[in-house]
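As a plain string of letters, each chain reads:
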Amino acid sequence: MGYRIILGDITEQHVDAIVNAANTSLLGGGGVDGAIHRAAGPELLAECRTLHGCGTGKAKITKGYRLPANYVIHTPGPIWRGGTAGEDALLAGSYLSSLRLAAEYGAKTVAFPSISTGVYHFPLERAARTATETILAFLREHPDMEITMACFDERTKAAYERALAEYGAAR
Ligand code: AR6
């Protein structure tokens, strides 16, 4: 199936769509959100202002402007609140909403960052399991798509690789 895990900067990915780990305002921030806005240029923020925000676990799409990617799919992941506030379902929602939007726009190659595991403090191993399950289930229905997990550090990459190995073993 079309799933690969790489170490790299998502703003440099030559894919149809990259996903942004945004916040509900969609007006930019730090982390990967800040990096994407810097690389895309000010036109991205201008388009984001027309979207009037986005709910947690949902997604909205814009053009990619100066990025190599044609589209940016913006999804606010959940802020970790201890695990009993529906965080797992919301995180799965972020991946699934993003993937559905990509398919709707004909984006066949899509790169994700590790949503919610930075300043939103979602535990990395748990996030990696949810992301992997959601992506692989979606790929079974969309075998023509190619999904990349762009991990910014080795620890994150190792967690997604473990989750993929566990998933494979459990099937
Ligand atoms: N490419 C790929 N991954 C990156 C990059 C990059 N250029 N830069 C950082 N990461 P975070 P969150 C990784 O905090 O937890 C923003 O302010 C980073 O190492 O960016 O979902 C938003 O506006 C980590 O593994 O996103 C929201 O307010 C992962 O991306 C809030 O942060 C996610 O870390 C969202 O928090």
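Please refer to the structure higher up on the page.
Please read these numbers as outputs of a predicted model, since none were measured by experiment. (Residues numbered from 1 in each chain as written. Predicted model: local features only at pLDDT ≥ 70, side-chain atom pairs only at ≥ 80, totals over all residues. Heavy atoms only, no water.)

(A) Expanded view of the pattern of salt bridges. All chains considered together, the criterion is met by 6 salt bridges. E43 is the partner of R66 in a salt bridge, and the nearest nitrogen-oxygen pair spans 3.5 Å. A residue pair is termed long-range when its members are at least 10 positions apart, and R66 in the loop between β3 (60-63) and β4 (71-76) and E43 in helix α2 (residues 42-49) qualify at 23 residues. For E43, a relative accessible area of 34% puts it in the partly exposed group. Residue K108 pairs with D144 through a salt bridge whose shortest N-O separation is 2.7 Å. Within this pair, whereas K108 is found in the loop between α3 (87-104) and β5 (109-112), its partner D144 is found in the loop between α4 (124-141) and β6 (146-151), the two being separated by 36 residues in sequence. For K108, a relative accessible area of 41% translates into the label partly exposed. Residue D144 is classed as partly exposed on the basis of its relative accessible area, which comes to 47%. (Salt bridge = Lys/Arg side-chain N within 4 Å of Asp/Glu carboxyl O. Helix = DSSP H or I, 4+ residues; strand = E, 2+ residues; numbered from the N terminus. Buried < 20%, exposed > 50% of the residue type's maximum accessible area, 1.4 Å probe, protein only.)

(B) Spatial organisation of the packing of helix α1 (residues 31-40) against α2. Close contact between α1 and α2 brings their axes to 5 Å; oriented N to C, the two are set at 115°. The orientation of α1 with respect to α2, classified from their angle, is roughly perpendicular. Residues I36, H37 and A40 of α1 form the contact with α2, whose participating residues are E43, L44, L45 and C48. Grouping the amino acids of the contact of α1 with α2 by side-chain chemistry returns 5 nonpolar, 1 polar and 1 charged. (Axes fitted to C-alpha atoms, helices over the stretch in contact; angles between N-to-C directions. Parallel < 35°, antiparallel > 145°, perpendicular 65-115°, else oblique. Contact = heavy atoms within 4.5 Å. Nonpolar A, V, L, I, M, F, W, Y, C, P; charged D, E, K, R; others polar.)

(C) Up close: the sheet that holds β6. Read across the sheet, 6 strands follow the order β1-β6-β5-β2-β4-β3 without closing on themselves; strand pairing throughout is mixed. Both outer strands of the open sheet, β1 (3-7) and β3, are each paired with one neighbouring strand and no more. Mean inter-strand twist for the sheet, computed between neighbouring axes without regard to direction, equals 25°. By the bridge criterion, 6 bridges tie strand β2 (residues 17-22) to β4 in an arrangement that is parallel. (Pairing = 2+ DSSP bridges.)

(D) Molecular detail of the site of the ligand. Lining the immediate environment of the ligand, one finds 23 residues, of which N23, G30, D33, S116 and G118 sit closest. Separating a nitrogen atom of the ligand from a side-chain N or O atom of D9 is a distance of 2.9 Å. With respect to the ligand, the backbone of V32 contributes an N or O atom lying 2.8 Å from an oxygen atom. More than half of the atoms of the ligand fall within 2 Å of the grid points belonging to the largest pocket. (Near = heavy atom within 4 Å. Polar contact = N/O pair within 3.5 Å; in protein donor to acceptor, adjacent residues only side chain to side chain. 1 Å grid on protein atoms, 1.4 Å probe; cavity = no way out; pocket = protein on both sides within 12 Å on 5 of 7 lines; lining within 4 Å. Sits in = over half its atoms within 2 Å of the grid points.)

By themselves these figures say nothing about function.
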